Every structure is written in structure tokens, then in C-alpha cells.
Amino acid sequence: MDSLVHHRFLKQELFMPFMLLKWKILIGVAVALFGGAGTLVYLGFGLQEVSFEDLELKGIKEITLSSFTLQADLLLHNPSDFSVPVKEVRYTIYDAKTNKEVSSGLIPGFELTKKTTSRIPFEQHIKLGPTASLAASLVTDEKVYVLVKGEAFLDVAGARGSAIPFEKEVEIKQYMKVPGGEETKVSDADSSSPSVVGGLLG
């Protein structure tokens, strides 16, 4: 009888560590799953808050009879408690009067700082040859507008297809000058932010 009790007790002693290990594994998996889900939910909520705030024309440079380079800042607001990486920004510039495309470009990846509005400077070269209507408007119209339209693509697991759309009409003639005349207004770009010179798509 004593040997039978001793055998059962010994069996329980050997079995208990395995049970404890099994429970530890199950608890660890549950924490990983629910903890990860919570992170994804919180991250998704934050991503929904990221928004386009403004696009500011800073100036026009390198003006010739056939082309000019537009300088602008893209402002994106991230009110969440974590930084949000952006894979790239793709944009197209249109003659607002005719809705014809005049140029397009790409801003490579950068990070939106948490709880602030990030200012991303970029430059885009625009040729007047393919867009005679824009060239004519610059000669005849008092004000000339171009429409900048694009999307900022997020670079976060589970949300890489998500994009922040934006569009803004800006008046460009106020910054134009006759070649050889006075310098046009150009503001200094923010040295702490990434920039694109000339656009990557031409």
C-alpha cells in the first residue's frame, strides 16, 4: 500500500513540471497574441489620425523661357503618441485652368514625428513646352494657379496599402520674374527635413 502511494506521489512530482511548463507556454502565447493585437489596434487608430494639413508654395527658381522649378512644403500632421514612417509621397502637378498634367514627382521615405506637424520640403522642375496653355496663362493672366495632387503612402506593417491623399491649388505668378530681372521670392528650406530636388519622376 505504501509503495502504491509512493508511486503515485512520485508520478505527480514528475508530471507537475511539465504541466507548469505547458501553462507558461499557453500564457506566453496568449500575452503575445492579445498584446500584439492591442498594439495593432492602437497603431491603426493612430494611423487614422495622420492627415494632410497644408501645402505651401515657397517660391519659384531657375526660371527660363522654357521651364521653371517650383519649391514647396508638404505639411502632414501626426497627433499620435508614436512616430509614423512614410514609404514615399507621389504627386502630380496640373494646370488648374485646363486640368492638364504639367509634371509629376516622388518624395522618398521619411518619418512623421509624433504629436506634431512635419514640414517636408520638395522641388519640382516644370517644362513649359508640353503645356502651352500654362505658358500662355503666365503671359496673359494676372494670376495663374497649378493644382498639386498626390498621396503619402504609409510604411507600417498591416497598413502599407494605406495612403494620405492631398491636393492644393497654389498661385505661381506672384513668384515669377522675367529672366534677367529681379530675383524671385524663395524661402529657405527646413534643413532638418528631407527634400527632393527636381523630383524623381521628371
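No experiment lies behind these values; they were computed from the predicted model shown.

What counts, and where the lines are drawn
Residues numbered from 1 in each chain as written. Predicted model: local features only at pLDDT ≥ 70, side-chain atom pairs only at ≥ 80, totals over all residues. Heavy atoms only, no water. Helix = DSSP H or I, 4+ residues; strand = E, 2+ residues; numbered from the N terminus. Buried < 20%, exposed > 50% of the residue type's maximum accessible area, 1.4 Å probe, protein only. Areas by Shrake-Rupley, 256 points an atom, 1.4 Å probe, with all protein chains shown as cover. Core = buried A, V, L, I, M, F, W, Y, C linked by side-chain atoms within 4.5 Å. Contact = heavy atoms within 4.5 Å. Salt bridge = Lys/Arg side-chain N within 4 Å of Asp/Glu carboxyl O. Phe/Tyr/Trp six-rings, centres within 6.5 Å; stacked < 30°, edge-to-face > 60°. Pairing = 2+ DSSP bridges. Axes fitted to C-alpha atoms, helices over the stretch in contact; angles between N-to-C directions.

Moving on to the overall build of the protein. A tally of regular secondary structure across the protein gives two helices and seven strands. From first element to last, N terminus to C terminus, the protein shows the α and β order α-β-β-β-β-β-α-β-β. Looking at the 202 residues of the protein, the share that counts as buried comes to 34%. When the accessible surface of the protein is totalled, it reaches about 12300 Å², and 59% of it is carbon and sulfur.

Turning next to unusual backbone geometry. The backbone phi angle of Glu62 is positive, close to 50°, even though this residue is not glycine. Tracing the sequence through the fold places Glu62 in the loop between β1 (51–61) and β2 (67–78). With a relative accessible area of 51%, Glu62 lands in the exposed category. Unlike most non-glycine residues, Lys115 shows phi in positive territory, near 55°.

With 37 residues, the main nonpolar core has Phe68, Leu70 and Ile172 as its most contacted residues. Mapped onto this core, the elements with two or more residues apiece are β1, β2, β3 (84–95), β4 (100–112), β5 (116–127), α2 (132–140), β6 (145–154) and β7 (163–171). Those residues in contact with Phe68, other than ones at most four positions away along the chain, are Ile60, Lys61, Glu62, Ile63, Gln124, His125, Ile126, Leu128, Leu138, Ile172 and Met176.

Moving on to the pattern of salt bridges. Evaluation of the coordinates by the stated rule reveals eight salt bridges. For Arg119, the salt bridge is made with Glu56, and the minimal N-O distance between the two is 2.7 Å. Of this pair, Arg119 sits in strand β5 while Glu56 sits in strand β1, and the two are 63 residues apart along the sequence. Residue Arg119 is classed as partly exposed on the basis of its relative accessible area, which comes to 29%. The shortest N-O distance in the salt bridge between Asp141 and Lys97 comes to 3.1 Å. Of this pair, Asp141 sits in the loop between α2 and β6 while Lys97 is found in the loop between β3 and β4, placing the two residues 44 residues apart along the sequence. You can call Asp141 partly exposed: its relative accessible area is 21%. In this structure Lys97 comes out as exposed when scored by relative accessible area, which is 59%.

What follows deals with the packing of aromatic side chains. All told, the structure shown has two aromatic pairs when counted by the stated rule. Each ring, one from Tyr91 and one from Phe122, has its centre 4.9 Å from the other, and the planes form 45°; the classification is tilted. With Tyr91 in strand β3 and Phe122 in strand β5, this residue pair connects regions lying 31 residues apart in the sequence. An identical accessibility class is assigned to Tyr91 and Phe122; each is buried.

Another point: the sheet that holds β6. Reading across from one edge, β4-β3-β6-β7 is the order of the four strands in this open sheet, with antiparallel pairing throughout. The two strands at the open ends of the sheet, each matched to only one other strand, are β4 and β7. Averaged over all adjacent pairs, the angle separating strand axes in this sheet is 20°, with direction ignored. Pairing between β6 and β7: nine bridges, direction antiparallel. Each residue of the ladder has a partner; that of Gly150, found in β7, is Phe166.

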